Amino acid sequence: MPGTNTKLRASRQEIYGDYPGGVELRSYIMDAIEIRHSTVNGKEMNQIDKEYIWDIVNKLTRIAVTPNHTDSWRDISNYAEMTAIQLEIENALQSESETP
């Protein structure tokens, strides 16, 4: 239903600001993160790591507009925890495969 989508967009815009502005801010932040990673490590960041970071950057750009919106803070915490767990699993698997 087109009306429902319009209402949802208006509701989201009220909370998080205009979508194009959020997209632009996320783009600037991700570019800065990728440039920093490349400068320090001498290589591009892999796509999976970009996605982990993007989830958090997305919420940070929302917090920039509405810092008292607790859901965004909880989402960041959950994304960070899920990423840490996944990285621990990957590191354990890599350690296992390296041991003779």
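Notes on the structure in this doc start here.

Cut-offs applied
Residues numbered from 1 in each chain as written. Predicted model: local features only at pLDDT ≥ 70, side-chain atom pairs only at ≥ 80, totals over all residues. Heavy atoms only, no water. Axes fitted to C-alpha atoms, helices over the stretch in contact; angles between N-to-C directions. Helix = DSSP H or I, 4+ residues; strand = E, 2+ residues; numbered from the N terminus. Parallel < 35°, antiparallel > 145°, perpendicular 65-115°, else oblique. Left-handed = near helix turned anticlockwise from the far one by under 90°. Contact = heavy atoms within 4.5 Å. Nonpolar A, V, L, I, M, F, W, Y, C, P; charged D, E, K, R; others polar. Phe/Tyr/Trp six-rings, centres within 6.5 Å; stacked < 30°, edge-to-face > 60°. Lys NZ or Arg CZ within 6 Å of the ring centre and 35° of its normal. Patch = residues over 30% accessible without salt bridge, like charges linked within 9 Å, V, L, I, M, F, W, Y side chains within 5 Å. Areas by Shrake-Rupley, 256 points an atom, 1.4 Å probe, with all protein chains shown as cover. Salt bridge = Lys/Arg side-chain N within 4 Å of Asp/Glu carboxyl O. Buried < 20%, exposed > 50% of the residue type's maximum accessible area, 1.4 Å probe, protein only. Expected span 1.5 Å × (residues − 1). Polar contact = N/O pair within 3.5 Å; in protein donor to acceptor, adjacent residues only side chain to side chain.

### Regarding the packing of helix α2 (residues 19-41) against helix α3 (residues 47-65)
Part 1 of the reasoning: Taken N-terminus to C-terminus, the directions of α2 and α3 make an angle of 135 degrees; their axes are 9 Å apart at the nearest point. When the interaxial angle is binned, α2 and α3 end up oblique. Where α2 crosses over α3, the two elements pack in a sense that is right-handed. Between α2 and α3, the contacting residues are Leu-25, Arg-26, Ile-29, Met-30, Ile-33 and Glu-34 on the first element and Lys-50, Ile-53, Trp-54, Val-57, Asn-58, Thr-61 and Ala-64 on the second.
Part 2 of the reasoning: Taken together, the residues that form the contact of α2 with α3 break down as eight nonpolar, two polar and three charged.

### Considerations on the packing of aromatic side chains
Part 1 of the reasoning: Summed over all chains, the structure comprises zero aromatic pairs.
Part 2 of the reasoning: The cationic tip of Arg-62 hangs over the ring face of Tyr-16; the distance from NZ or CZ to the ring centre is 4.1 Å.

### Comments concerning a nonpolar patch on the surface
Part 1 of the reasoning: On the surface, a nonpolar cluster with roughly 260 Å² of combined accessible area is contributed by Ile-85, Ile-89 and Leu-93.
Part 2 of the reasoning: Note that Ile-85 resides in helix α4 (residues 70-98).
Part 3 of the reasoning: A residue is classified by how much of its surface remains accessible, and Ile-85, at 38% relative accessible area, is partly exposed.

### Quick word on the environment of Arg-74
Part 1 of the reasoning: Among the structural elements, Arg-74 can be located in helix α4.
Part 2 of the reasoning: Residues Arg-74 and Lys-7 lie 67 residues apart in sequence; the distance between their C-alpha atoms is 24 Å.

### Examining α4
Part 1 of the reasoning: Look at α4: 42 Å from first C-alpha to last across 29 residues, which is about the 42 Å you get at 1.5 Å a residue.
Part 2 of the reasoning: Among all positions of α4, only Ser-72, Ile-76 and Thr-83 are buried.

### Observations regarding the packing of α3 against α4
Geometry of a packed helix pair, given as the angle between the helix axes and the separation of the axes.
Part 1 of the reasoning: The N-to-C vectors of α3 and α4 enclose an angle of 170 degrees; their axes lie 9 Å apart at closest approach. Overall, the two elements α3 and α4 adopt an arrangement that is roughly antiparallel. Two packed elements cross with a definite hand, and for α3 against α4 that hand is left-handed. Across the interface between the two elements, Tyr-52, Asp-55, Ile-56, Lys-59, Leu-60, Arg-62 and Ile-63 from α3 touch Ser-72, Trp-73, Asp-75, Ile-76, Tyr-79, Ala-80, Thr-83, Gln-86, Leu-87 and Glu-90 from α4.
Part 2 of the reasoning: Its residues assigned to classes, the contact of α3 with α4 shows nine nonpolar, three polar and five charged.

### Re the side chain of Lys-59
Part 1 of the reasoning: Within the fold, Lys-59 resides in helix α3.
Part 2 of the reasoning: Its relative accessible area of 7% is what places Lys-59 among the buried residues.
Part 3 of the reasoning: For Lys-59, the side chain forms a polar contact with the side chain of Asp-75, separated by 2.8 Å.
Part 4 of the reasoning: Residues within four places of Lys-59 in sequence aside, it is in contact with Ser-72, Asp-75, Ile-76 and Tyr-79.

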